[in-house]
2 protein chains.
Amino acid sequence: MSKIVTAAMVVIGDEILSGRTKDRNIGHLADMMTALGIDLKEVRIVPDDQAAIVEAVNALRARNTYVFTTGGIGPTHDDITADAIAAAFGVPCDYDEEAYRLLDEHYAARGIPFTDARKRMARMPKGAEHIRNPISVAPGFRIANVYVMAGVPAIFQAMLDEVAPTLKKGAKLLSVAVPSPFPEGTIGGPLAEIQRTHPETIIGSYPKYQDGSFWTEIVIRSRSEEALKAAKAAVEAMLENLLNRR
Amino acid sequence: MSKIVTAAMVVIGDEILSGRTKDRNIGHLADMMTALGIDLKEVRIVPDDQAAIVEAVNALRARNTYVFTTGGIGPTHDDITADAIAAAFGVPCDYDEEAYRLLDEHYAARGIPFTDARKRMARMPKGAEHIRNPISVAPGFRIANVYVMAGVPAIFQAMLDEVAPTLKKGAKLLSVAVPSPFPEGTIGGPLAEIQRTHPETIIGSYPKYQDGSFWTEIVIRSRSEEALKAAKAAVEAMLENLLNRR
């Protein structure tokens, strides 16, 4: 059997839940995981609240290869992610010597005061390793299988680019999309039958509504190229058959 | 004290987790909840998997006034939300007489066959009430405090418009945004102090990264207009003070 690697994501921030900020990181992580052959199994969006963060991270790290978090690692009072992750692991959260030095040098070189607020960004759970931040220096961190990254999309993406080459890759889930001019209600029966007879594939059907009528995108996924081809042929034959009966 | 009404959301669908479809419903629900004075406390995105749906719905319905789900109520084999919600409540899932009649009439009037796949859309947990679907007829449904709606954004939005007037409204969380030309590291200390001395407000700070430099959007929220004004004045005085020291 193919090697299965799974991931979950925790998006941290009141601003996403209030609608003020529209998340742009979930879709990016999902695309990246798919490219790496890693199954993204669940995403949770939680507020800036320690108990909520701890609950989500502990539930998800126990049952996934990796957990990725975004948000809450800046310098202000509502940035509580480092403390929450330390609490989730039951370890102290303190200034990291190397992070403190990096930030001190960075701000000194620019004549920017290294305020207490900025010093907060050097805090991380004991035993955490840095995730390099090529944009604004303040590092993310990894502790065990949990990767803690920034919420600002440009920084999140840069941090994920640092992390990606270090991750175990899964057997890639291949996928092919077959557009169906028929709505789901027409193809649902035969499609269920194709799913039953092609158990090595996952067949999804996604209704599209455009200009008052429905069409369907059928997506077939499999870790076996052969199984994918066979299911695709079956779906195409089914659509051909329906077209001929029109 | 103000009346607190809370909500959670469960987004159901492999296609969101694979990145193939980018969710457009979370932000819409978040905006709508904020407009209604309802606190959106958590969002979970789960796959088309009954155990995952049941776990998320049961965890969230126990601790929120409302739970809203999107996705998985169409006619195909991967649309398993009705069964999963029935399982979460421990009730049977069967054809709803009224939904069946509505769909039968709808398709008959259009000369479209009422296939077994389409009939699946009439299935719902015993005891559920319809949520009207003004676009494509197949209803969503409510059981207890759980509202089950379509994933197609146009239909989800129409269903939510049907539901919104029936929801308890919370005391509205007022909010005001104050743009800060300073990055978070500069304002973090004094802002934490303002948060401490204005406990009736929630002060968030959202770093913005543009053209290589940082500015910050400070957002103050409160259910008391007076408290909001006082905190806003304190933030503005703090920024004024920093500008004068520049």
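Residues numbered from 1 in each chain as written. Chains lettered and ligands numbered in written order. Predicted model: local features only at pLDDT ≥ 70, side-chain atom pairs only at ≥ 80, totals over all residues. Heavy atoms only, no water.

- Within an unreviewed UniProt entry, the label attached to chain A reads Molybdopterin-binding protein, and the organism entered is Chelativorans petroleitrophicus.

1. Some remarks on the relation of the copies chain A and chain B
Here's step 1: Rotating chain A by 180 degrees about the axis while translating it 0.0 Å along that axis superimposes it on chain B, leaving an RMSD of 0.0 Å. Both copies of the chain, as the preceding transformation shows, are related through a two-fold rotation axis. Among all residues of chain A, the one whose C-alpha sits closest to the rotation axis is Arg44 of chain A, at a distance of 2.2 Å. (Least-squares fit on C-alpha atoms with pLDDT ≥ 70 in both.)

2. Topic: the environment of Phe68 of chain A
All names here are of chain A.
Here's step 1: By the element assignment, Phe68 lies in strand S3 (residues 66-70).
Here's step 2: When its relative accessible area of 0% is taken as the criterion, Phe68 is described as buried.
Here's step 3: Separated by 74 residues in sequence, Phe68 and Arg142 place their C-alpha atoms 9.2 Å apart.
Here's step 4: Not counting the four nearest positions on each side in its chain, Phe68 is found in contact with Ala7, Ala8, Met9, Val10, Leu29, Met33, Tyr147, Met149, Leu160, Val163 and Leu167. (Helix = DSSP H or I, 4+ residues; strand = E, 2+ residues; numbered from the N terminus. Buried < 20%, exposed > 50% of the residue type's maximum accessible area, 1.4 Å probe, protein only. Contact = heavy atoms within 4.5 Å.)

3. Some details on the sheet that holds strand S7 (residues 137-143) of chain B
Hydrogen bonds between backbone atoms are what pair the strands of a sheet, whose relative direction is either parallel or antiparallel.
Here's step 1: Reading across from one edge, S6(A)-S7(A)-S8(A)-S3(A)-S1(A)-S2(A)-S2(B)-S1(B)-S3(B)-S8(B)-S7(B)-S6(B) is the order of the 12 strands in this open sheet, with mixed pairing throughout. Unpaired on one side and paired on the other, strand S6 (129-133) of chain A together with strand S6 (129-133) of chain B mark the two borders of the sheet. Within this sheet the neighbouring strands show an average axis-to-axis angle of 20 degrees, counted without direction.
Here's step 2: Bridge count between strand S3 (residues 66-70) of chain B and strand S8 (residues 146-149) of chain B: four bridges; the pairing is parallel. Paired with Phe68 of chain B across the strands is Tyr147 of chain B, a residue of S8 of chain B.
Here's step 3: This element, helix H3 (residues 50-61) of chain B, spans strand S2 (39-46) of chain A together with strand S1 (6-12), strand S2 (39-46), S3 and S8 of chain B of the sheet and lies at about 170 degrees to S2 of chain B. (Pairing = 2+ DSSP bridges. Axes fitted to C-alpha atoms, helices over the stretch in contact; angles between N-to-C directions.)

4. Digging into the environment of Arg20 of chain A
Here's step 1: If you trace the backbone, Arg20 of chain A turns up in the loop between helix H1 (14-17) and helix H2 (26-36).
Here's step 2: At 3.2 Å, the side chain of Arg20 of chain A and the side chain of Ser175 of chain B are in polar contact. (Polar contact = N/O pair within 3.5 Å; in protein donor to acceptor, adjacent residues only side chain to side chain.)

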